[in-house]
Amino acid sequence: MRNTPIPRLWLLTDQRTEAGLDAAIRRLPRGSAIVFRHYHLDEAARRAAFRDVQRLARRHGHLVILSGRAARARQWQADGIYGAPAKLGRPYPGLIRIATVHHMHELAQARLAGADAVMISPVFATRSHPGGRTLGPLKLAALARHSIAPVIALGGMTHQSARRLPPMITRWAAIDGLSRNP
């Protein structure tokens, strides 16, 4: 990992965020992070969109993390990678590695993979997975107590729902909660 602190606020992108993405990036506090996903785009369009996001994010002092493999993240000059613990691969100098975690087994995998931070979800109900099971603040806290890496809460997160997080959780991420006008 770089000698970069893990940001407090994270915006995840996807096709739902495209229309207001530039405005959302501008609204983020300096030093936040963007996880670029945009899985719906073909390779050329995804890379072009990544460059646009990266340019704007850099102007506002944000990190840009690529959902994907480390080799591509290095090629695209991302600040890090995001994905399932098993897909993080070996550590690459200069890349922050964010592992997605939904339960204790994945948390253990993230630890073995040496993840720099874990994004635990879904904390609250989300539009991404309507009707899906959620952790809630208590189960989130239970998982977080077993993590040696910084924890980022994801799932149904907004500025308002972030106030319901256990005090030990100071980082959070959102798709809708940060991409829509407040």
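Preceding block: the structure.
Below is a summary of the structure that appears in this document. Along each chain, numbering runs from 1 in the same order as the chain's sequence is written. Local features in this predicted model are restricted to residues whose pLDDT is 70 or higher, and side-chain atom pairs enter the listing and the counts only when it is 80 or higher, whereas totals over whole chains, interfaces and linings include all residues. Excluding hydrogens and water, the side-chain values take into account all heavy atoms of the structure.

1. Topic: the nonpolar core
Membership of the largest hydrophobic core comes to 46 residues, with the highest contact counts inside it found for M157, L165 and W172. Broken down by element, the residue count for this core peaks at 5 residues, all from helix 2 (residues 43-59). Those residues in contact with M157, other than ones at most four positions away along the chain, are V123, F124, A162, L165, W172, A173, A174 and G177. Side-chain atoms within 4.5 Å are what join buried Ala, Val, Leu, Ile, Met, Phe, Trp, Tyr and Cys residues into a set we call a nonpolar core. Summary of the burial criterion: residues with accessible area below 20% of their type's maximum are buried, those above 50% are exposed, and those between are partly exposed, where the area comes from a 1.4 Å probe applied to protein chains only. Residues L12, A33, M119 and I152 belong to the second largest nonpolar core, which totals 16 residues. We count a stretch as a helix when DSSP gives it H or I for four or more residues in a row; a strand needs E for two or more, and each element gets its number in order from the N terminus. It only takes one pair of heavy atoms within 4.5 Å for two residues to be counted as in contact.

2. Focus: the sheet that holds strand 1 (residues 9-12)
When DSSP finds at least two bridges between two strands, those strands are taken to pair. Spatial ordering of the closed barrel is given by 1-2-3-4-5-6-7-8, a layout of 8 strands whose pairing is parallel. For this sheet, the mean angle separating the axes of adjacent strands, direction not counted, is 25°. In terms of strand pairing, strand 1 meets strand 2 (residues 33-36) through 3 bridges, oriented parallel. Pairing of L12 across the sheet is with V35, part of strand 2. With axes taken as lines fitted to C-alpha atoms, and helix axes fitted only over the stretch in contact, angles between N-to-C directions fall between 0 and 180 degrees. Helix-sheet contacts for helix 2 involve strand 2 and strand 3 (63-67), and the interaxial angle to strand 3 is about 160°.

3. Structural notes on the environment of L143
Along the chain, the position of L143 falls in helix 5 (residues 136-145). Considering only alpha carbons, one finds L143 and A70, 73 residues apart in sequence, at a separation of 26 Å. Those residues within four positions of L143 in sequence are excluded, and the remaining contacts are H102, H103, M104, L107, I120 and L135.

4. Here's the deal with unusual backbone geometry
Cis geometry marks the peptide bond from S121 to P122, where omega comes out at -10°. Relative to the helices and strands, P122 resides in the loop between strand 6 (117-120) and helix 5. In the Ramachandran plot, H38 falls in the positive-phi region, its phi being about 45° despite a non-glycine side chain. The residue H38 is located in the loop between strand 2 and helix 2 in this model. By relative accessible area, H38 is classed as buried at 2%.

No statement about biological role is implied by the geometric values presented.
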